[in-house]
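# Notes for the structure review
So you can see what is in the structure, the chains are spelled out below.
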Amino acid sequence: MTRPSGRSTVVLLRGSGDDDFAFLGPTLARNRCVVNVDLSVTSKRSSDEWTRELAEAGDDCCVIAVGAHADEAVRATLDARGVVTRLVLIEPEFDGAASETGALPVLVLASGERGLGDVRGTLRERPARILSVIEDFLDDAKPPSRRSSRPPAAVSRPPVGDVDLQARPLRDHSTSAVEVDTVIVGAGFAGLGAGIRLARRGDKSFVILERAGDVGGTWRDNTYPGVACDIPSHLYSFSFLPKPDWSNFFASGREIHDYLRDAVRSEGLEGHLRLRSEVLEMRWLADELRWRVTTSSGEYLCRTLIVAAGRLSDARMPDVPGLDSFAGPVMHSSTWDDSVELRGRRVGVVGTGASAAQLIPRLADVAAGVVVFQRSAPYVVPRPDREYTLDEQRRFTDDPSAHEALRDELFWGAETAFAERMRVPGFIDRLRDRALGHLEAQLDEPSLRAAATPDYEIGCKRVIISNDYYPALASPSVTLEPSALRSISDRVATSAGGASFELDVLVFATGFESTRPPFAARTYGADGIRLSDAWADGMRAHASTTVHGFPNMFVLDGPNASLGHNSAVVMIEAQIDYVLAALDHRDAVSVDALDVSLEAQDAYTHEIDAKAASTVWLTGGCDSWYVDERSRRLTLLWPDFAYAFQRRLSRFDAENYAVIEAPRMAPALQSSIPSP
Ligand code: NAP
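Residues numbered from 1 in each chain as written. Predicted model: local features only at pLDDT ≥ 70, side-chain atom pairs only at ≥ 80, totals over all residues. Heavy atoms only, no water.

## Overview of the overall build of the chain
A count of helical and extended segments in the chain gives 19 helices and 25 strands. Relative to the compact-globule value of 26 Å for 676 residues, the chain shows a C-alpha radius of gyration of 27 Å, a close match. Seen through its C-alpha atoms, the chain measures out along the principal axes to roughly 80 × 75 × 50 Å. The burial tally for the chain puts 56% of its 676 residues in the buried class. In the chain, the proportion of contacts linking residues at least 24 apart, taken out of those at least 6 apart, comes to 71%. When the accessible surface of the chain is split by element, carbon and sulfur atoms take 49% of a total near 27300 Å². One way to put it: in the chain the 74 positive side-chain charges average out to a point 2 Å from where the 97 negative ones average out. (Helix = DSSP H or I, 4+ residues; strand = E, 2+ residues; numbered from the N terminus. Rg over C-alpha atoms; globule rule 2.2 N^0.38 Å. Buried < 20%, exposed > 50% of the residue type's maximum accessible area, 1.4 Å probe, protein only. Contact = heavy atoms within 4.5 Å. Areas by Shrake-Rupley, 256 points an atom, 1.4 Å probe, with all protein chains shown as cover. Lys, Arg positive; Asp, Glu negative; His and termini not counted. Charge placed at Lys NZ, Arg CZ, Asp CG, Glu CD.)

## Concerning the pattern of salt bridges
Under the criterion given, the structure shown has 48 salt bridges. For E210, the salt bridge identified is with R220, shortest N-O distance 3.1 Å. Placement of E210 in the loop between β7 (206–209) and α7 (218–221) and of R220 in helix α7 is noted, with a sequence separation of 10 residues between them. The pair E210 / R220 is uniform in exposure class, with both members buried. (Salt bridge = Lys/Arg side-chain N within 4 Å of Asp/Glu carboxyl O.)

## Description of the confidence of the model for the chain
In this model, the chain carries an average pLDDT of 90, and 90% of its residues clear a pLDDT of 70 or more. Between residues 147–152, whose pLDDT stays under 50, and residues either more than four places distant or in other chains, the model counts 10 contacts. Counting interchain partners and residues more than four positions distant, the pLDDT-below-50 stretch residues 154–174 has 43 contacts. (pLDDT = per-residue confidence, 0-100.)

## Points about the site of the ligand
Close to the ligand lie 24 residues; D230, S355, R375, S376 and K461 are nearest. A354 places a polar main-chain atom, nitrogen or oxygen, 3.0 Å from an oxygen atom of the ligand. Looking at the shell around the ligand element by element, the count peaks at 3 residues for helix α9 (residues 354–366). Along the lines of polarity and charge, the residues of the shell around the ligand split into 12 nonpolar, 8 polar and 4 charged. (Near = heavy atom within 4 Å. Polar contact = N/O pair within 3.5 Å; in protein donor to acceptor, adjacent residues only side chain to side chain. Nonpolar A, V, L, I, M, F, W, Y, C, P; charged D, E, K, R; others polar.)

## Quick look at the side chain of S597
In this fold, S597 is placed in the loop between β24 (593–596) and α17 (598–612). Within the local environment of S597, its side chain forms a polar contact with the backbone nitrogen of A600, the two atoms lying 3.0 Å apart. Beyond its immediate stretch of four places on either side in the chain, S597 contacts H548, N656 and Y657.

## Observations concerning helix α10 (residues 390–398)
Within α10, burial applies to E392, Q393 and F396. Buried residues of α10, seen end-on, are gathered within an arc of 100° and therefore sit on one face of the element. Projecting away from the buried face of α10 at angles above 90 degrees are the exposed residues L390, D391 and D398. On the buried face of α10, the contacting elements are α11 (400–421). (Arc of directions from axis to C-beta.)

## Remarks on the packing of aromatic side chains
On inspection of all chains with the given rule, the structure shows 27 aromatic pairs. An angle of 45° between the planes, with centres 5.4 Å apart, marks the rings of W246 and Y259 as tilted. Placement of W246 in the loop between α7 and α8 (253–266) and of Y259 in helix α8 is noted, with a sequence separation of 13 residues between them. Each member of the pair, W246 as well as Y259, carries the same accessibility label: buried. The interplanar angle of 65° and the centroid separation of 4.9 Å between the aromatic rings of F418 and F641 together place this pair among those described as edge-to-face. You can see F418 sitting in helix α11 and its partner F641 sitting in the loop between α18 (616–619) and α19 (642–648), a full 223 residues away along the chain. Here F418 falls in the buried class, since its relative accessible area comes to 1%. (Phe/Tyr/Trp six-rings, centres within 6.5 Å; stacked < 30°, edge-to-face > 60°.)

Written as structure tokens, this is what we have:
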């Protein structure tokens, strides 16, 4: 057996029926060589056999065993002294197993320890939790800072009441640029999260630029009927700003928007907000070692630029011939117009993604008819929504540890889904069965069922979570047209399949410009290079956050920082931690700017590509907005567990950054921002 250099070996001792390793084997194999030793073939190996078997695995290997196999694992380790350097025993069935192995580092995972609860149960239901503990042990790493980095509590402030979230003019922008330490672009989850963290550490010199008239990002923009989040509410909120009284397991768009508006008030961010300030250009001034940010309401100079412009912020509209001639209203799902009358109208919906699946059932309730133009069928799984009781809300309020435990459970539960995206046998099969079972249970009519059956592997596109999508398709008011919208002529919409429909209103639920973010065309780094040119082949970054040639710029929720299986907020928080650590480092070494090296960025990109290669996103036989159209690289999603991202970004890796010093001393920044 040969072992790729630089990768340690994990030997899994398994017997018949040890299904627990169905998860651990392939997931450990992302970063290590994994050797399965089947103990059911030879129940007791001789000392020689063990030495030979383990020596073949390599001279730096870890042995992992579950339950009764702990006995054999200890024996193997003792027999092959020097070969095995670490031992992991999961729920060993005899006491004192670890003590027999002398000075060898041993990790014993037993029920009730390390917050793992019932270990066997955790291995079945939340296996990523066990995996993360094993990986920390193997890498000698500190556990990811999911709790320890909890930032200081917010300074208590007087209630601000119903403050209108308006921009306050700072000074006459026509005469000079405003200087601040940090400009944050975007007032969605990421931008507000960064603002809160800066404010909590006492930074006053920052502004949050927002082109719209309110905060909230995607949750401000998307007000279509039925808009909600398909990530559990308690996980889709900041760990440092818990909301114990979410009304439902899944929150409505409105409730999330209110949460973000409340955050602005409770954290005193109003004074930092510059609403209706669209960023027109961001340019690195090499002589001044500053970013110049030109907006529709004035100009800013800053040392640090945090771009949190979002990936679901610019609507994607297909180029449909004749669309201009359509006689009725046309809306994108993210620019919903409540004044458009839908009752009794014939409505065409283009698209069958997460947005369409939420709004189609609502349209079906009021419209005279709904025609759904489906280019490809989505997979749909049941939506386990429910209201939280008052008792539960009180408990989460009164007992923060109960609330943390809930978040933990939700986080590790969601992590299991990455094994599905890795196509781990068993895991992806169960998910597919759940979706196809849901389809069969909800759609009786064979031709409709056939039209709604996806022709690619599950998970390749975002899996829809809905109980009312299929019933809506089956309702008499809805027609599923299984092809794209091809053309429009006056009120008649014709599909690629050749069917024509007379319509009064057209709704495009066709997604967003996520792989080519429009802000990149407005961003100029060192030597005037435009970010969209640097990304001509698709987005890339180091640590999913910094881009070579764009000093002191940090992109949140950008390249490979999204998730298809867990909460985006978790990722944003990990990135904010990384940014703050970078700023601390920059201050500590007293340099003006940090620019990530091209080598580090290339190495990170290589790592991403290698991890993505076998995931369902690249092998599942679909086209999705997770994949860049030009390079076919997975540029949107992080192709690993969310905990691995937290771990990866838990340390600022200064060694990968070049420092830039001013040729002459730049004048000290004087904050011109009034304290809130
Ligand atoms: P999306 O997932 O990109 O879906 C766009 C839909 O439009 C797809 O069905 C696509 O078909 C279709 N489409 C695009 N161009 C078309 C054309 N020319 N003709 C016919 N169909 C066309 O967009 P989305 O539904 O707005 O969702 C975007 C993302 O927002 C989601 O993935 C999710 O991350 C987020 N979101 C989340 C929630 C939530 O509950 N958390 C809710 C809504 C949105 P193909 O599939 O064939 O490309």
